[in-house]
Amino acid sequence: MSKPVYITSDSTCDLTPELLERFNIKIVPLHVVLGEETYLDGVEFTPEMIYERYAKDKTLPRTSAVSPQEFTDFFTPLVEAGYEVVFLSISSGLSSTYQNAVIAAQDLPGVYPVDTLKLTTGVGQMLFAACRMRDEGKDAATIAQAMVEMIPRVNVSFVIDTLEYMQKGGRCTGVAAFGANLLNLKPCIEMREGKLEVCKKYRGNIQKVYDKYITERLSSKPVCPDYIFITTSVDPGPELTKHLEEVVRAAVPEVKEVLFTRDGCTVVSYCGPGTLGVLFLEK
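Trainee: So what about the overall build of the chain? Which residues, and what values?
Mentor: Across its full length, the chain carries eleven helices and 14 strands. A globule of 283 residues ought to have a C-alpha radius of gyration of about 19 Å, and the chain, at 19 Å, matches this closely. Its C-alpha atoms put the chain at 60 × 50 × 30 Å along the principal axes. Within the chain, buried positions represent 53% of all 283 residues. Taking contacts inside the chain between residues at least 6 apart in sequence as the whole, the part at least 24 apart equals 75%. By element, 52% of the accessible surface of the chain is carried by carbon and sulfur atoms, the whole surface being about 12800 Å². Placing the 29 positive and 37 negative side-chain charges of the chain at their respective mean positions leaves the two points 7 Å apart.

Trainee: Go over the nonpolar core with me, naming the residues and quoting the values.
Mentor: One finds L15, L88 and M147 to be the most contacted residues of the largest nonpolar core, which totals 46 residues. Examining the composition of this core, we find that eight residues originate from one element, helix 5 (residues 121–135), more than from any other. Counting residues in each nonpolar core, the second largest holds 22 residues, with L218, I230, V247 and V278 among its members.

Trainee: Can you explain the packing of helix 3 (residues 68–80) against helix 4 (residues 97–105)? Please cite residues and give values.
Mentor: Between helix 3 and helix 4, the least distance of the axes is 8 Å, while the angle of their chain directions is 60 degrees. With respect to each other, helix 3 and helix 4 are oriented oblique. Considering the relative orientation of helix 3 and helix 4, their crossing is right-handed. Listed contacts from helix 4 to P68, F71, T72 and F75 of helix 3 are T97, N100, A101, I103 and A104. Considered class by class, the residues forming the contact of helix 3 with helix 4 number six nonpolar, three polar and no charged.

Reading guide: rules and limits
Residues numbered from 1 in each chain as written. Predicted model: local features only at pLDDT ≥ 70, side-chain atom pairs only at ≥ 80, totals over all residues. Heavy atoms only, no water. Helix = DSSP H or I, 4+ residues; strand = E, 2+ residues; numbered from the N terminus. Rg over C-alpha atoms; globule rule 2.2 N^0.38 Å. Buried < 20%, exposed > 50% of the residue type's maximum accessible area, 1.4 Å probe, protein only. Contact = heavy atoms within 4.5 Å. Areas by Shrake-Rupley, 256 points an atom, 1.4 Å probe, with all protein chains shown as cover. Lys, Arg positive; Asp, Glu negative; His and termini not counted. Charge placed at Lys NZ, Arg CZ, Asp CG, Glu CD. Core = buried A, V, L, I, M, F, W, Y, C linked by side-chain atoms within 4.5 Å. Axes fitted to C-alpha atoms, helices over the stretch in contact; angles between N-to-C directions. Parallel < 35°, antiparallel > 145°, perpendicular 65-115°, else oblique. Left-handed = near helix turned anticlockwise from the far one by under 90°. Nonpolar A, V, L, I, M, F, W, Y, C, P; charged D, E, K, R; others polar.

If you want it as structure tokens, here you go:
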């Protein structure tokens, strides 16, 4: 008889506390580094604190991976309680979190780290699928392999309202940022083979861009209708939330749930306010 399975991830999956509880998912936080101080992502430091600090002195934090020892401390109680563990990590192309999880798992039986090659609620889509398999009684090795096979079906992208944060963080040249802002361009960033790449550029009012972007993304692929995420870097408010859900449902009428979540510190420190992503699983 196989052991029970615990599904786990890191804080960059950007699932709400309610969703983590609903699906019984346990997460380990990355670190937010600001000057000489280090904080736990989502626990001791929030996106709102990033915005406040940047408005004050134009300082952006950086994020750092979970260490091998922290993973050992995270996994060990679960293993000792009789569980096998599947860990779905932020893309190894963006963080050393996955590599550190592998190091820790070498000394622990029944721990299966998976490099999702994804970010934010793209990982969330995989977590939901892993939880479904867990609830069906599948063992950890089977779930982990299924997650690897699922990676090409996970569609992760977002549009960015301002390139200021990317420019400040050294992620694009000053000339490119100036030109894009001057032309009022809104780049669409997509996860490709574990890394972030510009796939399209929109122009104009950001709310109209949201509508066009969501419609185009959901119309370009066969969408699995169970869950579609709208993940934003700031709270869109009730009116915009309602409108965005209507746009999603117009594109995919059979969708069962439209889930709204907020980006954590990793995405916010990279992309800044006004960022919005529609993340889904392809059939």
